[in-house]
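Residues per chain are reported as follows:
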Amino acid sequence: MTKALQIAWLQVRIYLQDKSDLAFSLLLPVVTFALMYFVFGGLTQFHATAHIVNEDPGGVYSEAFIEQLEAFDELNIDLLSLDKADGKLERADLLMFIVIPEGFSEKLASGEPVELLFKQRGNGGQEQQIVAALVRSVANDISLELQAQGQVIAALVDTDTTISRIETTVERLFAEERENPTVAVTEDTIGSSPDPVEQFLPGIITMYVLFAIILSARTLVEERHLGTLERLLTTRLSVGELFAGKFIAGISRGFIQTVILMVLSYAVFQIFTPLSFVSSLLVALIFTCAASALGLVIASAVRTPDQASWVGVFFTMAMVMIGGTFFPIEEGSVMEIISRFSVNTYANDALGTLINEGGSLGDIGLEIGVLAGVIVVGLLLSRYLFKVMPGGR
Amino acid sequence: MMPVDYLVAQDLHKSFNEHKAVNGVSFTIHKREIFGLLGPNGAGKTTTIRMLSTVLEPDQGDVIIGGHLIRREAEEVRNLIGVCPQELALYVELGALDNLIFFGRMAGMSSQEAREQAMAHLKLVGLEERAKGKIDKFSGGMKRRVNLAVALMGHPELLFLDEPTVGIDPQSRNNIYETIEGLRDKGMTILHTTHYMEEADRLCDRVAIMDGGQVIALDTPHALKAQIGSPDQVTLEDVFLKMTGRSLRD
């Protein structure tokens, strides 16, 4: 075992000696993380802009309408002139805008019906449909308030109560209702929210681990190419020790990048609890072992460093694509069956359970079992291939 | 006193696909002898060394080194041998000392032992001042000397030198000659392949000339030269060309 550790340490030292390689491999996870932060940072909930053309500027009800829309945290209000909004819609710079017509407030005050206009390209897109739903809900609130106000005034018209008092009272009652609604909605959340960072993080972690396949695949072949492998085989080093050393070296390099990515995610996005962080690290480590073992299979089967790189790239890309790295795989689909043949599927599932569903190691026994099986089979297969390939032992 | 056979190769055969690289090679190397293996490109020298050093398994035939049959006791044989391959089998990103220490550890030495032996071997090949220098900053001759020093780690009883002086300057070559002679004087047994006939003439006690995967002549340089003329008048190169012909080998 000492010799295996010596080999692993040698590989790590060579890795540390190459400053450009070192900088590149350490910077990559940081850059990936920065990309995640800029794409998803602060935008973990629905957020959209409502483009509004107010042709009733200064109107009591138009201003109140806009004010109520501004009260939604999810909405930004963008006030535009009609010409500008038309131009943007024409150029598809925006997909929908809302027109508050001229005389909106005056007509409402006199009890006349009014119409808001939604001007849109096609159906306005999913985001603007949600905006439209929010705008409709505000319009309904105003409509209901005015209806109630009219009905109360009609009912009290023969009493001494002044109209302004009725209006103030109805307004106050509606404000109280909005504050403490009769029919309230409570959110009961299980696990964490479907945050994009949380959704993509398992895939990104496993993708970095998969890169260890290429690194592991190259290391043995490069030694063969340089002649150091043959030299090692004439020493007292056994093939088992050689493989153990290369296996540990592959794990070390692959795991370093993963740890950087996970620590940054923990520190900045606060995704993990201490327990889920440690559990996720363990899963990443087991998956790195599986990737390193698969790298040795490739290393034992190919003859040149270029072959190792290309085969490693092919397998990595194939696994990233079919293993659910960047998109969820629909349950019961053919894709799900195919994905079961890709080892990263199990790592993605395990990390997803820990990160997104608040699960524990007890919930991912199957996935850990499969990954452990891949490690054992990978090591045995690589050793067999090394023996039967020309020049092997 | 009768010489003691340290290495016995009996009827070695090795083929790669349809090509017979080694076809019935037999020879013995005496203890404390420098044995030269000469031959044109493709003669089968390197394949023979790879079989003798346990890297390749012969298709047929046996090798006994230090009383151990390679087929059955390869591990024991590896404890006795050191190999200086034709290519520079070094980790170029690391320093000379680090390379020697690493291979010393692979030869089963403790860290301290490996460090001490590495420094001694670097001194032997004239590189103690450059012990910490990175290999990729070394000249070709310095790399060759480190390549030889690595093979000495673990104090092997039998050293395989596969063209250890190819492509280097006369000073480095002379340093290697002196090192090899010094090793023989200390009792090491050496199998040496080379394309330089004057090198074989100077260093080797006996030489075998290989061609077409077979040994076509085996004797002392003096006796081989005597076969084609006066040993003082002819060179080993004359013998080599007479026996292997003048046609080009690629």
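Criteria and cut-off values
- Residues numbered from 1 in each chain as written.
- Chains lettered and ligands numbered in written order.
- Predicted model: local features only at pLDDT ≥ 70, side-chain atom pairs only at ≥ 80, totals over all residues.
- Heavy atoms only, no water.
- Pairing = 2+ DSSP bridges.
- Helix = DSSP H or I, 4+ residues; strand = E, 2+ residues; numbered from the N terminus.
- Axes fitted to C-alpha atoms, helices over the stretch in contact; angles between N-to-C directions.
- Contact = heavy atoms within 4.5 Å.
- Buried < 20%, exposed > 50% of the residue type's maximum accessible area, 1.4 Å probe, protein only.
- Polar contact = N/O pair within 3.5 Å; in protein donor to acceptor, adjacent residues only side chain to side chain.
- Expected span 1.5 Å × (residues − 1).
- Domains from an automatic or database assignment.
- Buried area = accessible area lost by both parts, 1.4 Å probe.
- Nonpolar A, V, L, I, M, F, W, Y, C, P; charged D, E, K, R; others polar.
- Phe/Tyr/Trp six-rings, centres within 6.5 Å; stacked < 30°, edge-to-face > 60°.
- Lys NZ or Arg CZ within 6 Å of the ring centre and 35° of its normal.
- Patch = residues over 30% accessible without salt bridge, like charges linked within 9 Å, V, L, I, M, F, W, Y side chains within 5 Å.
- Areas by Shrake-Rupley, 256 points an atom, 1.4 Å probe, with all protein chains shown as cover.
- Salt bridge = Lys/Arg side-chain N within 4 Å of Asp/Glu carboxyl O.

Student: For this particular structure, what's the right way to read the sheet that holds strand S6 (residues 81–84) of chain B?
Tutor: Pairing between sheet strands relies on hydrogen bonds along the backbone, with the strands arranged either parallel or antiparallel. Residue and element names in this part refer to chain B. Taking strand neighbours across the sheet as the criterion, the six strands line up as S6-S7-S8-S3-S9-S10 in an open arrangement whose pairing is mixed. Each of the sheet's edge strands pairs with one partner strand only, and the pair in question is S6 and strand S10 (214–219). In this sheet, adjacent strand axes meet at a mean angle of 15° when their direction is disregarded. Pairing geometry for strand S7 (residues 158–162) and strand S8 (residues 189–194), over five bridges, is parallel. Note on S8: the bridge partner recorded for Leu159 is Ile190. The strands touched by helix H1 (residues 45–52) are strand S3 (34–38), S7, S8 and strand S9 (206–211); relative to S7, the strand with the most contacts, the crossing angle is about 155°. Sitting on the sheet, helix H5 (residues 140–151) is in contact with S6 and S7, with an inclination near 165° to S6.

Student: How should I be thinking about the environment of Ser110 of chain B in this particular structure?
Tutor: Residues and elements named next belong to chain B. As for its position among the elements, Ser110 is in the loop between helix H3 (96–106) and helix H4 (111–124). In this structure Ser110 comes out as partly exposed when scored by relative accessible area, which is 36%. At 3.1 Å, the side chain of Ser110 forms a polar contact with the backbone nitrogen of Glu113.

Student: Just to check I follow, could you spell out the sheet that holds strand S1 (residues 48–54) of chain A for this structure?
Tutor: Residues and elements named next belong to chain A. Reading across from one edge, S2-S1-S3-S4 is the order of the four strands in this open sheet, with mixed pairing throughout. Each end of this open sheet is capped by a strand with a single partner; those strands are strand S2 (75–80) and strand S4 (117–120). Averaged over neighbouring strand pairs, the angle between their axes works out to 30° when direction is ignored. Summarising the sheet, S1 and S2 pair through six bridges and their orientation is parallel. The partner of His51 across the bridge, within S2, is Asp78. Helix H4 (residues 82–90) contacts S1, S2, strand S3 (96–100) and S4 of the sheet and is inclined by roughly 160° relative to S3.

Student: It is not clear to me how helix H10 (residues 239–269) of chain A should be interpreted in this structure. Could you clarify?
Tutor: An ideal rise of 1.5 Å per residue puts 45 Å on 31 residues; H10 of chain A measures up with 44 Å between its terminal C-alpha atoms. Remark: Gln270 of chain A follows H10 of chain A within two positions and exhibits a positive phi of approximately 55°.

Student: Sorry, what's going on with the domain arrangement of chain A here?
Tutor: Think of interface size as the accessible area that goes away when the parts come together; that is how it is often given. Here chain A is described as being made up of domain 1 (2–41 + 198–385) and domain 2 (47–179). Domain 1 of chain A and domain 2 of chain A are separated by 55 Å when their C-alpha centres are compared.

Student: It is not clear to me how the interface of chain A and chain B should be interpreted in this structure. Could you clarify?
Tutor: Across the boundary between the two partners, chain A contributes 22 residues, which contact 31 residues of chain B. Between chain A and chain B, the buried area comes to about 2,600 Å², and carbon and sulfur atoms account for 57% of it. Counting the surface chain A buries against chain B, the share from its top three residues, Arg231, Thr234 and Arg236 of chain A, is 31%. For the pair chain A and chain B, the interface holds eleven residue pairs in polar contact (both at pLDDT 80 or more). Mapped by element, the contributors of at least two residues to the side of chain A that touches chain B are helix H1 (2–17), helix H8 (196–226) and helix H9 (228–233) of chain A. Of all the elements, H1 of chain A adds the most residues to the side of chain A that touches chain B, at eight residues. Grouping the constituent residues of the side of chain A that touches chain B by class yields seven nonpolar, eight polar and seven charged.

Student: In this structure, what is going on with the packing of aromatic side chains? I would like to understand it.
Tutor: The geometry of an aromatic ring pair comes down to the distance between the two centres and the angle between the two planes. Evaluation of the coordinates by the stated rule reveals ten aromatic pairs over all chains. Relative to Phe272 of chain A, the ring of Tyr266 of chain A lies with its centre 5.9 Å away and its plane at 80°, an arrangement referred to as edge-to-face. Three or more aromatic residues joined by ring pairs form one cluster here, namely Tyr266, Phe272 and Phe277 of chain A. Above the face of the Phe103 of chain B ring, Arg231 of chain A is positioned so that its terminal group lies 5.5 Å from the ring centre.

Student: Help me understand a nonpolar patch on the surface, please; the structure alone is not making it clear to me.
Tutor: Residues and elements named next belong to chain A. A surface patch of nonpolar side chains, amounting to about 350 Å² of accessible area, comprises Leu27, Val30, Val31 and Leu35. Summarising the element assignment, Val30 is placed in helix H2 (residues 19–40). Judged by relative accessible area, which is 35%, Val30 ranks as partly exposed.

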